[in-house]
Amino acid sequence: MAAFVPSRLIRRLPRPIRFLHRCLPSVSLPHDSSNSSKCVSERRPPPPGDKRIDFSTFRANCRVFCSRPANSGNLQAPAAIDYSSLLQEDEFHKLADATIHALQEKLEEYGDGCQIDGFDVDYGNEVLTLKLGSLGTYVINKQTPNRQIWLSSPVSGPSRFDWDQGSHAWIYRRTKANLLSLLENELAELCGEPLSLS
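Procedures and definitions
Residues numbered from 1 in each chain as written. Predicted model: local features only at pLDDT ≥ 70, side-chain atom pairs only at ≥ 80, totals over all residues. Heavy atoms only, no water. Helix = DSSP H or I, 4+ residues; strand = E, 2+ residues; numbered from the N terminus. Pairing = 2+ DSSP bridges. Salt bridge = Lys/Arg side-chain N within 4 Å of Asp/Glu carboxyl O. Buried < 20%, exposed > 50% of the residue type's maximum accessible area, 1.4 Å probe, protein only.

Engineer: Please explain unusual backbone geometry as it appears in this structure.
Structural biologist: Peptide bonds are, in most cases, trans, and in most cases residues other than glycine have a negative phi. Phi is positive for H168, close to 50 degrees, though the residue is something other than glycine. Take H168: it is sitting in the loop between β9 (157–164) and β10 (169–172). If you check the backbone angles, K176 has positive phi at about 65 degrees while not being a glycine. Summarising the element assignment, K176 is placed in the loop between β10 and β11 (177–178).

Take a look at the structure:
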């Protein structure tokens, strides 16, 4: 059954919807309970003098998005996530905390030798923040559900590092970058002083 809206309510709608009301004819989709995956439309003009509009669909003169793909017989389920490869939560916290605290200490030492206005290292609420004044800010934090360390860099942007058992390091899977090596290279380039974090 089509849903009709009185014309006095249309005046309260935003301008784009009122425009659609004038441009598109009244349309309804017949409900076929035997095959609900079909998208069918039927053009039905409004009765003469009827000032109501059918808002059940605008199928006739506009694009319709169906939630079911056209060839639903060839669907494959998404690949399952291998949760056995994830670190246990307590092991993740131990590794991530050790990494972040070691970074904090080394960055504070590095800041003593750097001549950069606004250089500041801050750790609070499990977030390590390195401010480099006008050069930008680094933010490093743990992401426990994903067992990752996230880095926001003013040079390379956001990165998500996973613990790699083979190399015993935090690795960004997309670029194979090592967290400590990435920070060493970027900070040495930004600050003009060599840095060793490993």
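Engineer: Looking at this model, I keep getting lost on the pairing of strand β8 (residues 148–153). Mind explaining?
Structural biologist: The side chains of a regular strand alternate, first on one face of the sheet and then on the other. By the bridge criterion, five bridges tie strand β7 (residues 137–143) to β8 in an arrangement that is antiparallel. Considered in β8, the bridge of K142 is made with I149. The turn joining β7 and β8, which pair antiparallel and follow one another in sequence, is formed by four residues; a positive phi near 55 degrees is taken by R147. Of the strand pairs in this sheet, β8 and β9 are connected by six bridges, and their pairing is antiparallel. Pairing of L151 across the sheet is with S159, part of β9. Counted between consecutive antiparallel strands, the loop separating β8 from β9 contains three residues.

Engineer: Just checking my understanding: could you explain the pattern of salt bridges for this structure?
Structural biologist: On inspection of all chains with the given rule, the structure shows three salt bridges. Taking the shortest distance from any N to any O, the salt bridge between K142 and E126 comes out at 3.6 Å. You can see K142 sitting in strand β7 and its partner E126 sitting in the loop between β5 (119–124) and β6 (127–132), a full 16 residues away along the chain. Accessibility expressed as a relative area gives 8% for K142, which makes it buried. The salt bridge partner of R173 is D162, with a shortest N-O separation of 3.3 Å.

Scope: geometric values only; no functional claims are made or implied.
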